[in-house]
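Each chain is listed here by its residues.
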Amino acid sequence: MRLFRRVSYLIGRNKTIQKFSYSKTYMFYSLKMIYYKFGWIIKLAKKYLIK
């Protein structure tokens, strides 16, 4: 348990890991937003490309 707490503390202190995880979630959300905004274009393209 102490080891786990120490590892989590080190990860919390490490700015690069924090930034990496943050950018990962940010990328995921931006992809989601892009999909919601341009989802109909993607669906249309799929419709015509798969035909």
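Our focus in this paragraph is the environment of Lys-32. Tracing the sequence through the fold places Lys-32 in helix 2 (residues 15-50). What makes Lys-32 partly exposed here is its relative accessible area of 37%. As for Lys-32 and Arg-5, which are separated by 27 residues in sequence, their C-alpha atoms are 33 Å apart.

Moving on, we come to the packing of aromatic side chains. Pairs of aromatic rings are described using the distance from one ring centre to the other and the angle between the two planes. A complete count under the given rule lists one aromatic pair for this structure. Ring geometry for Phe-28 versus Tyr-29: centroids 5.8 Å apart, planes at 65°, classification edge-to-face. Classification of Tyr-29 as exposed rests on a relative accessible area of 54%.

How each quantity is defined
Residues numbered from 1 in each chain as written. Predicted model: local features only at pLDDT ≥ 70, side-chain atom pairs only at ≥ 80, totals over all residues. Heavy atoms only, no water. Helix = DSSP H or I, 4+ residues; strand = E, 2+ residues; numbered from the N terminus. Buried < 20%, exposed > 50% of the residue type's maximum accessible area, 1.4 Å probe, protein only. Phe/Tyr/Trp six-rings, centres within 6.5 Å; stacked < 30°, edge-to-face > 60°.

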